[in-house]
Amino acid sequence: MGDFEVRPWGTWHVLDEGDGYKVKRIEVRAGQRLSYQTHAHRSEHWIVVSGVATCVLDGETIVALPGETVEVAIGAAHRISNLHEEDLVIIEVQRGSYTGEDDICRLEDDYGRTEALRH
């Protein structure tokens, strides 16, 4: 399988990747959330597998249940939060000219990682 990383909020695991796309399994622990961020080179399509995803997309809150999806356009500010007791599992499909981990501009972060902002 592909890359795997433990983050303060949970884990991600690359399931597949190729020219112009990457597919990840993201697990967000209860009560945790990812940074509020943007990407310059990729869009994201989230599919909720289990749990409840509370997503912020350009300031609008969207609650997605298992089987529901959320579309994140290139450049849109976004965040996934797990406000529930059950772990949240999402499949993320990234599409774009570049899907590297360094294509993240953090706008807010609960874990002190905003000092590494890229613009």
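Preceding this paragraph is the structure being described.
Quick caveat, the model's predicted, so the values are computed rather than measured.

1. Digging into the side chain of Gln37
Inspection of the secondary structure puts Gln37 in strand E4 (residues 36-38). At 3.2 Å, the side chain of Gln37 and the side chain of His39 are in polar contact.

2. A few points about the sheet that holds strand E8 (residues 69-72)
Across the sheet, which stays open at both edges, the six strands sit in the order E1-E2-E3-E10-E5-E8 with antiparallel pairing between neighbours. What marks the edges here is a single partner per strand, and that holds for strand E1 (4-7) and E8. Adjacent strand axes in the sheet meet at a mean angle of 20 degrees when their direction is disregarded. In the sheet, E1 pairs with strand E2 (residues 10-18) via four bridges, with the strands oriented antiparallel. From the neighbouring strand, Val6 faces E2, where its bridge partner is Thr11.

3. Points about the side chain of Ser35
Summarising the element assignment, Ser35 is placed in the loop between strand E3 (21-28) and E4. One polar contact links Ser35 to Gln37, side chain to side chain, over a distance of 2.7 Å. Among the polar contacts listed, one links the side chain of Ser35 to the side chain of Arg106, at a separation of 3.3 Å. Leave out the neighbours within four places in its chain, and Ser35 touches His78, Arg79, Arg106, Glu108, Asp109 and Arg113.

4. Here's the deal with the pairing of strand E7 (residues 60-64)
Two faces belong to every sheet, and in a regular strand the side chains alternate between them. In the sheet, strand E6 (residues 53-57) pairs with E7 via five bridges, with the strands oriented antiparallel. Bridged to Val56 within E7 is Thr61. Following E6, the chain reverses through two residues before pairing antiparallel with E7; Asp58 in that reversal takes a positive phi of roughly 50 degrees.

So, how was this worked out
- Residues numbered from 1 in each chain as written.
- Predicted model: local features only at pLDDT ≥ 70, side-chain atom pairs only at ≥ 80, totals over all residues.
- Heavy atoms only, no water.
- Helix = DSSP H or I, 4+ residues; strand = E, 2+ residues; numbered from the N terminus.
- Polar contact = N/O pair within 3.5 Å; in protein donor to acceptor, adjacent residues only side chain to side chain.
- Pairing = 2+ DSSP bridges.
- Axes fitted to C-alpha atoms, helices over the stretch in contact; angles between N-to-C directions.
- Contact = heavy atoms within 4.5 Å.

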